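# Topology and contacts: notes
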Amino acid sequence: MSCILHIETSTSVCSVAVSEDSHVIFQQEDHSDQKGSSAERLGPMVDEAMSFTDSHAIPFDAVAVSCGPGSYTGLRIGTSMAKGICYGLDLKLIAVPTLELLCVPVLLREMVDDDALLCPMIDARRMEVYAGIFDRALRPVREIQADIVDGETYRQWLDAKPVYFFGNGAKKCIETINHPNARLIEGIEPLARWMQPLAERRLINGQTEDVAYFEPAYLKDYVAKMPKKLI
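Summarised in this report is the structure supplied together with it.

Thresholds applied
Residues numbered from 1 in each chain as written. Predicted model: local features only at pLDDT ≥ 70, side-chain atom pairs only at ≥ 80, totals over all residues. Heavy atoms only, no water. Helix = DSSP H or I, 4+ residues; strand = E, 2+ residues; numbered from the N terminus. Rg over C-alpha atoms; globule rule 2.2 N^0.38 Å. Contact = heavy atoms within 4.5 Å. Areas by Shrake-Rupley, 256 points an atom, 1.4 Å probe, with all protein chains shown as cover. Lys, Arg positive; Asp, Glu negative; His and termini not counted. Charge placed at Lys NZ, Arg CZ, Asp CG, Glu CD. Polar contact = N/O pair within 3.5 Å; in protein donor to acceptor, adjacent residues only side chain to side chain. Pairing = 2+ DSSP bridges. Axes fitted to C-alpha atoms, helices over the stretch in contact; angles between N-to-C directions. Buried < 20%, exposed > 50% of the residue type's maximum accessible area, 1.4 Å probe, protein only. Phe/Tyr/Trp six-rings, centres within 6.5 Å; stacked < 30°, edge-to-face > 60°.

## Regarding the overall build of the protein chain
Scanning the protein chain from terminus to terminus reveals 7 helices and 10 strands. Relative to the compact-globule value of 17 Å for 231 residues, the protein chain shows a C-alpha radius of gyration of 18 Å, a close match. Reported as C-alpha extents along the three principal axes, the dimensions of the protein chain are approximately 55 × 35 × 30 Å. A sequence separation of at least 24 residues applies to 63% of the contacts in the protein chain between residues at least 6 apart. If you sum the accessible surface of the protein chain, you get close to 11000 Å²; carbon and sulfur atoms cover 49% of it. Side-chain charges in the protein chain split into 23 positive and 33 negative, and the spacing between the mean points of these groups amounts to 7 Å.

Below, the structure written as structure tokens:
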């Protein structure tokens, strides 16, 4: 039995949701693509979510926040809001990786081959993306990293089985990847309402964060790990 407030601000989409006992009971999303305005959009959404739970006498158990990779400004705003609520209400903090989050709607809504791999992508400049590769159980097959995409970037996995590419970095890459096992799924965004299964599992398993010291994984952290010849 748990009630979790979910906050997602890793991209230009800003969203908030509330889940109770594995069901999403409140959600709000802003797809207006207003860069840099997450602070103005997020506050009213969180206020409405908290008013909703107050009116139904539902106490929160935790706050879940997307922890990147993602926009520096968006993640900073979302994290600050989540930590402030956790401090104020003495709640647990749950960090949900953005690329795992992107996989949830694919697994729930799409017809994906049983042996397929999932490659969520977050857009960066030119042909750069931040990507990971997961199996259908969301076990990491390759760690999350910054990639400069060409025809060879994912070939070792594509030669073995179908790979589904999605997220706001996938569409620009699919023609460059150009492999018969490459599949593109459009319209997949990291949204707060998809955080529920990941956040609830982490809460059950005791995978919560130290509110004082938690920091998200900013895109710049992945850029710093890129080979210098690729930067």
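## Some remarks on the side chain of Ser 10
Mapped onto the secondary structure, Ser 10 falls in the loop between strand 1 (3-8) and strand 2 (14-20). For Ser 10, the side chain forms a polar contact with the side chain of Glu 8, separated by 2.6 Å. Every residue in contact with Ser 10, bar those within four places of it in the chain, is listed here: Ser 66, Pro 69, Gly 70, Ser 71, Leu 75, Thr 98 and Pro 190.

## Quick notes on the sheet that holds strand 4 (residues 62-66)
Strand order in this open sheet of 5 strands is 3-2-1-4-5, and the pairing throughout is mixed. Each edge of the sheet is formed by a strand with only one pairing partner; in this case those strands are strand 3 (23-30) and strand 5 (92-96). Adjacent strand axes in the sheet meet at a mean angle of 15°, parallel and antiparallel pairs treated alike. As judged from the 7 bridges shared by strand 2 and strand 3, these two strands associate in the antiparallel manner. Within strand 3, the position partnered with Cys 14 by the bridge is Asp 30. Each of strand 1, strand 4 and strand 5 is contacted by helix 2 (residues 72-89), which is oriented at about 170° to strand 4, the strand it contacts most.

## Digging into the sheet that holds strand 6 (residues 117-123)
A sheet is described by the order of its strands in space; here 5 strands give the open sequence 8-7-6-9-10, paired in mixed fashion. Edge strands, defined here as strands with exactly one partner in the open sheet, are strand 8 (140-148) and strand 10 (182-185). Between one strand and the next, the sheet's axes are offset by a mean angle of 20°, whatever the strand orientation. Relative to strand 8, strand 7 (residues 128-134) is paired through 6 bridges, and the arrangement is antiparallel. The residue of strand 8 that forms the bridge with Glu 128 is Ile 148.

## A closer look at the environment of Arg 193
Position of Arg 193 relative to the elements: it lies in the loop between strand 10 and helix 6 (196-204). Given the relative accessible area of 27%, Arg 193 is considered partly exposed. The spacing of Arg 193 and Leu 158 is 35 residues in sequence and 30 Å in space, taken between C-alpha atoms. The residues touching Arg 193, leaving out its near neighbours within four places in the chain, are Ala 17, Val 24, Gln 27 and Glu 29. At a separation of 3.3 Å, a polar atom in the side chain of Arg 193 contacts the side chain of Gln 27. Looking at Arg 193, its side chain comes within polar contact range of the side chain of Glu 29, at 2.5 Å.

## Digging into the packing of aromatic side chains
How two aromatic rings sit relative to each other is given by the distance of their centres and the angle of their planes. Applying the stated rule across the entire model yields 2 aromatic pairs. A ring pair is formed by Phe 26 and Phe 52, whose centres lie 5.5 Å apart and whose planes are at 40°; its orientation type is tilted. In this pair, Phe 26 is assigned in strand 3 and Phe 52 in helix 1 (residues 38-55), connecting sequence segments 26 residues apart.

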